[in-house]
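Here are the chains, one letter per residue:
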Amino acid sequence: MTQLFDFDSINLSPFVDGKRISLSGADVIPTYDAASGSVLCNVPVSDENIVNDAVASAKRALKGPWAKVIPAERSRMLMRVAQLIRKDAARLATIESLDSGKPLREAKGDIETSARYFEYYAGIADKLQGDTIPLGPDFVSFTMHEPIGVTAHIIPWNFPLVTTARGLAPALAAGCTAVVKPAEQTPLTALVLADILTEAGVPPGVVNIICGPGNKTGALLCEHPDVAHVTFTGSVATGKTVMRAAASHVASVTMELGGKSPVVVLADANMDDALNGTLKAAFMNAGQVCSAGSRLVIEKSCADAFLDKLAARVGAFTLGRGIDDPDIGPVISEQQVRKVASIVAESGAQTLAGGKLGKPSGLNGWFYEPTVLLAKDARSVAVQEEIFGPVLTVQIADDFDHACALAEDTPYGLVGGIYTRDVSKALKFSRHLSAGQIFINQYFAGGVETPFGGTKNSGFGREKGLEGLKAYYAVKTVTARL
Ligand code: NAI
Ligand code: MG
């Protein structure tokens, strides 16, 4: 891998109070190239002292240097972060692709979206204002938006820099400070972001970046009594653990958990759009997307022709190293590829495409063939469980009402997509489904500006858009008797 990128150019030390802390003799965690299974870097683990120092520095900065930066300057700083991410985009995308295994074009898209988060929230930093409340002639009452405090950000491995930017940019815009803990599998772009924040003039302590295992470094951070809010993206099980840790010191949480989101295709849909949309929904980032459209719910009268085309397209997908920009890259780890294989094996479903470990020539990493399963039973694991790999489960619906019932019937509620030319059906579906967002005639429509989050086991709280700011400020009401 060294011929593809000089990993020695990345400073792997934790970033605390604006400085790198060199940890000689610390434990390390390897981060791997998922395509080859080889180690890219060994990243030092931040222990309890480092976690405490990081939170203490974020706490000092909150009332100190960061509180003194006027909102307009905060805005300019965030804009500089966006510009510096764009300037370094090629390098960041290469690192992200190698560290996560995702196709290079997707990594490039992620880096641009990361820049866009800082740009978007830069625009609001000096416009977060409260209300005046009419109480009659004897009172003056108004609200102020105050930063909620020190925020912790627990980042997953599927969208490393994007998820970091999605939480960090609104937190900083609202005047909060932050401690970020990237995923063990993909810590590298967050570590590079530390240099960018410094270059952009973000004062020491405003953002701290520490690495280590979730159940150690991550847990210590979430348990810390001086953390006021935890923004978590990851699995349902870990989300519950993080909620318990936050509850111990009454911190608020944003929980962005898993999904098993349906893509409903009705017989009146534009079938080319529906096919392209379904493929993107299910196979982007090898299906390792919380909002993936991992279940196709298709109306019976159009199913045969659609499924033939779908299986042919999936069968023709190329599998390879992310950096070579194949259709599908590896999954993140050996553990993840085993999880995918075991769910497929247990599913009892009919395999329409794929269904085996992938073996692209010359690569020994963690590949799974892009797979389409036809579910026989709505209660099977293929329908009910998040697989988080390149696996699309198909369910056949008798009609629109049946499609709505199947779409709703999982423990998750993140996203729902529908392809139809019938506006009334699309809107009925939008009302019917428990989900944080509905995509009509384009899966993944929207972006940085459109609020995003879950219901049911998919979590709660909203990120992105102006809604995404609300977790990061508290409203204080001041009322005076005149
Ligand atoms: P995970 O939820 O355990 O890890 C996500 C993040 O949480 C990582 O940064 C990890 O270090 C941290 N973490 C783990 N335990 C923690 C603790 N006790 N306290 C604080 N932080 C902690 O997910 P994992 O094990 O990487 O993947 C397992 C499954 O989770 C996947 O197969 C997938 O189904 C789901 N997942 C969902 C994601 C999403 O976007 N919603 C992202 C990643 C995984
Ligand atoms: Mg890695």
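What counts, and where the lines are drawn
- Residues numbered from 1 in each chain as written.
- Chains lettered and ligands numbered in written order.
- Predicted model: local features only at pLDDT ≥ 70, side-chain atom pairs only at ≥ 80, totals over all residues.
- Heavy atoms only, no water.
- Near = heavy atom within 4 Å.
- Polar contact = N/O pair within 3.5 Å; in protein donor to acceptor, adjacent residues only side chain to side chain.
- Areas by Shrake-Rupley, 256 points an atom, 1.4 Å probe, with all protein chains shown as cover.
- Helix = DSSP H or I, 4+ residues; strand = E, 2+ residues; numbered from the N terminus.
- 1 Å grid on protein atoms, 1.4 Å probe; cavity = no way out; pocket = protein on both sides within 12 Å on 5 of 7 lines; lining within 4 Å.
- Points joined across faces, edges and corners; volume = space filled by probe spheres on them.
- Nonpolar A, V, L, I, M, F, W, Y, C, P; charged D, E, K, R; others polar.
- Domains from an automatic or database assignment.
- Pairing = 2+ DSSP bridges.
- Axes fitted to C-alpha atoms, helices over the stretch in contact; angles between N-to-C directions.
- Patch = residues over 30% accessible without salt bridge, like charges linked within 9 Å, V, L, I, M, F, W, Y side chains within 5 Å.
- Salt bridge = Lys/Arg side-chain N within 4 Å of Asp/Glu carboxyl O.
- Buried < 20%, exposed > 50% of the residue type's maximum accessible area, 1.4 Å probe, protein only.
- Donors = N, O, S within 2.8 Å, 3.2 Å for Na, K, Ca; no water.

A. The arrangement of the site of ligand 1 in detail. Taken together, 30 residues form the shell around ligand 1, and within it Ile155, Trp157, Lys181, Glu184 and Lys339 come nearest. In the model, an oxygen atom of ligand 1 is placed 3.2 Å from a nitrogen or oxygen of the asparagine 158 side chain. Contact distances for ligand 1 include 2.8 Å between an oxygen atom and a side-chain N or O atom of threonine 238. Contact with the protein chains hides 88% of the accessible area of ligand 1, taken as 810 Å² for the molecule alone. Sorting the residues of the shell around ligand 1 by element identifies α8 (214–223), β9 (229–233), α9 (236–247) and α12 (334–346) as the ones contributing at least two each.

B. View of the layout of surface pockets. What the largest pocket holds in volume is close to 1100 Å³. Around the largest pocket, the lining comprises 43 residues; the ones closest to its centre are Trp157, Glu184, Gln185, Ser235 and Thr238. Listing elements by their share of the lining of the largest pocket, those giving two or more residues are β3 (28–32), α8, β9, α9 and α12. Here the element with the most residues in the lining of the largest pocket is α8; it accounts for six residues. By residue class, the composition of the lining of the largest pocket is 20 nonpolar, 14 polar and nine charged. Split by domain, the lining of the largest pocket shows at least three residues from each of two domains, domain 1 (7–257 + 459–478) and domain 2 (262–448).

C. Highlighting the sheet that holds strand β14 (residues 371–374). Spatially, the seven strands line up as an open sheet ordered β13-β14-β15-β12-β11-β17-β18, and their pairing is mixed. The open sheet terminates on both sides in strands that have one partner only, identified here as β13 (350–353) and β18 (437–440). Neighbour-to-neighbour, the strand axes of the sheet open up by a mean angle of 25°, direction not taken into account. The pairing of strand β11 (residues 262–265) with strand β17 (residues 415–419) spans three bridges and is parallel. Looking at β17, one finds that valine 263 is bridged to glycine 417.

D. A look at a nonpolar patch on the surface. A contiguous nonpolar surface patch, about 350 Å² in accessible area, is contributed by Val140, Phe142, Met144 and Leu482. With respect to the helices and strands, the residue valine 140 is situated in strand β5 (residues 139–147). A residue is classified by how much of its surface remains accessible, and valine 140, at 41% relative accessible area, is partly exposed.

E. The arrangement of the coordination of the magnesium ion (ligand 2) in detail. At the metal site, the magnesium ion (ligand 2) is ligated by Thr31 (OG1), Tyr32 (O), Asp99 (O), Asp99 (OD) and Gln185 (O), and these contacts range over 2.3 to 2.5 Å. Residue tyrosine 32 is classed as partly exposed on the basis of its relative accessible area, which comes to 35%.

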